[in-house]
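If you want the building blocks of each chain, they are given just below.
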Amino acid sequence: MERVGRPTVATFFAPAPLARGGSVTLGEDAAHHMRVRRLDVGQRVALTDGAGALAQGTLVRLAKQHAVVDVSDVEQRDPLPPVHMLVPVADRDRMLWLAEKCVELGATSWRPVSWRRSRSVSPRGEGTAFQGKLRARMAAALSQSEGAWLPDAFPEATLERAIAATPAGTRLVLDPGGSPLLATALVAPVTIATGPEGGLESDELERLAEGGFAPVSLGGHILRFETAALAALAVVRAALAASAPSPEESHG
């Protein structure tokens, strides 16, 4: 990403509220990253808490297992229009890659669904240990992309529970036989459901339709689940941004 007109400052995830004039202690991973980047006491760094706050501060202590940053300025960013992702329980490495990209594109939430064809995948991305690894990868992606909002990451769910947890709004399921996504009217919040490798079974599609999910396609192509989910999220984000009122309109 090109950054014009401002110096590059290393950004770190701070899992704590950020307040001007306060201090934040970062853990061993951040301290290691600082040493790799040859940062030293007195240098400026940036912080993000994943809850809308972006801060600037000064590194005042760098030890082997932790680092301390004094916070000087904090900016609060408004959240983007909500876009929720229902992703398949699938190959764990491909799920981790998709999770990183969903953070970069500003997904609001991430909920893995145990589709019927998820059962045949090995090694699957599921369980408490995997959830911890996924959240860590999301936090790293947020720092690298200098984002302000971390998606809410939920544990894996059955289809019935996922539908029950879906907010009102536009509900979409990716299906090669569906209507073109680009021609679909979107009203936030938007929820995008992506099936597993091999696709959704007919009864799963029926259950989604009963839950208000409209089938949409990305040009009729058969895509890997992570490609389909990422492409759909990018299209939806772009469409919502294009339909948002301008600052002049919103104030007046």
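Residues numbered from 1 in each chain as written. Predicted model: local features only at pLDDT ≥ 70, side-chain atom pairs only at ≥ 80, totals over all residues. Heavy atoms only, no water.

**Remarks on the sheet that holds strand β11 (residues 214-217)**
In step 1: What the 6 strands build is an open sheet, ordered β8-β7-β6-β10-β9-β11; its pairing is parallel. Looking at which strands have only one partner, the edges of the open sheet turn out to be β8 (152-153) and β11.
In step 2: In this structure, strand β6 (residues 83-88) lies alongside strand β7 (residues 109-113), joined through 5 bridges in parallel fashion. Bridging from a neighbouring strand, P88 pairs with V113 of β7.
In step 3: Helix α6 (residues 225-243) rests against β6, β9 (170-180) and β10 (190-193) of the sheet, and its axis sits at about 170 degrees to β6. (Pairing = 2+ DSSP bridges. Helix = DSSP H or I, 4+ residues; strand = E, 2+ residues; numbered from the N terminus. Contact = heavy atoms within 4.5 Å. Axes fitted to C-alpha atoms, helices over the stretch in contact; angles between N-to-C directions.)

**Focus on the environment of A238**
In step 1: Within the fold, A238 resides in helix α6.
In step 2: With relative accessibility at 48%, the residue A238 sits in the partly exposed group. (Buried < 20%, exposed > 50% of the residue type's maximum accessible area, 1.4 Å probe, protein only.)

**Structural notes on the packing of helix α2 (residues 92-104) against helix α3 (residues 128-144)**
In step 1: Across the interface, α2 lies against α3 with an axial gap of 8 Å and an inter-helix angle of 35 degrees. When you trace α2 past α3, the crossing you get is right-handed. On α3, the residues touching R92, M95, L96, A99, E100 and V103 of α2 are F130, K133, L134, R137, M138, A141 and L142.
In step 2: Considered class by class, the residues forming the contact of α2 with α3 number 9 nonpolar, no polar and 4 charged. (Left-handed = near helix turned anticlockwise from the far one by under 90°. Nonpolar A, V, L, I, M, F, W, Y, C, P; charged D, E, K, R; others polar.)

**Quick notes on the nonpolar core**
In step 1: Core analysis: the largest hydrophobic core is formed by 33 residues, its most contacted members being M85, L98, W110, L134, I192 and V236.
In step 2: Of all the secondary-structure elements, those providing two or more residues to this core are β6, α2, α3, β9, β10 and α6.
In step 3: No other element matches the 8 residues that α6 contributes to this core.
In step 4: If sequence neighbours within four positions are ignored, M85 has contacts with C102, A107, S109, W110, R111, I192, A229 and L233.
In step 5: One finds A10, L47, A53 and V71 within the second-largest nonpolar core, a separate group that totals 18 residues. (Core = buried A, V, L, I, M, F, W, Y, C linked by side-chain atoms within 4.5 Å.)

**Describing the confidence of the model for the protein chain**
In step 1: With 94% of its residues at a pLDDT of at least 70, the protein chain reaches an overall mean of 93.
In step 2: Note that residues 1-6 has pLDDT below 50 and, in this model, 3 contacts with residues that lie over four places away or in other chains. (pLDDT = per-residue confidence, 0-100.)

**Let's talk about empty space enclosed by the protein**
In step 1: On inspection of all chains with the given rule, the structure shows 1 cavity of 30 Å³ or more.
In step 2: Taken as a whole, the largest cavity spans an internal volume of roughly 70 Å³.
In step 3: In terms of lining, the largest cavity is formed by W110, P112, G125, E126, F130, Q131, L134, R135, A153, F154, P155 and E156.
In step 4: Contributing elements (two or more residues each) for the lining of the largest cavity: β7 and α3.
In step 5: No other element matches α3, which puts 4 residues into the lining of the largest cavity.
In step 6: Class assignment for the residues of the lining of the largest cavity results in 7 nonpolar, 2 polar and 3 charged. (1 Å grid on protein atoms, 1.4 Å probe; cavity = no way out; pocket = protein on both sides within 12 Å on 5 of 7 lines; lining within 4 Å. Points joined across faces, edges and corners; volume = space filled by probe spheres on them.)

**What about the environment of R116?**
In step 1: Within the fold, R116 resides in the loop between β7 and α3.
In step 2: R116 sits 43 residues away from L159 along the chain, and the two C-alpha atoms are 9.4 Å apart.
In step 3: In contact with R116, not counting residues within four places along its chain, are E201, D203 and E204.
In step 4: At 2.8 Å, the side chain of R116 forms a polar contact with the side chain of D203. (Polar contact = N/O pair within 3.5 Å; in protein donor to acceptor, adjacent residues only side chain to side chain.)

**Examining the pattern of salt bridges**
In step 1: Within this structure, the stated rule accounts for 11 salt bridges.
In step 2: Ionic pairing is found between R77 and E75, a salt bridge with its closest N-O pair at 2.9 Å.
In step 3: Accessibility expressed as a relative area gives 37% for R77, which makes it partly exposed.
In step 4: A relative accessible area of 41% means that E75 is categorised as partly exposed.
In step 5: Put simply, R207 and E210 hold a salt bridge, and the shortest N to O gap is 3.9 Å. Here E210 and R207 lie together in helix α5 (residues 202-210), a separation of 3 residues that amounts to about one turn.
In step 6: Taking the relative accessible area as the measure of exposure, R207 reaches 27% and is therefore partly exposed.
In step 7: Several salt bridges share partner residues, and in doing so they unite R94, E197, R224 and E226 into one network. (Salt bridge = Lys/Arg side-chain N within 4 Å of Asp/Glu carboxyl O.)

**A closer look at the side chain of E204**
In step 1: Residue position: E204 is located in helix α5.
In step 2: The side chain of E204 is buried and forms no salt bridge, while R116, the nearest opposite charge, is found at 4.5 Å.
In step 3: Looking at E204, its side chain comes within polar contact range of the main-chain nitrogen of R116, at 2.8 Å.
In step 4: Apart from residues no more than four positions distant in its own chain, E204 is found in contact with W115, R116 and L159. (Lys, Arg positive; Asp, Glu negative; His and termini not counted.)

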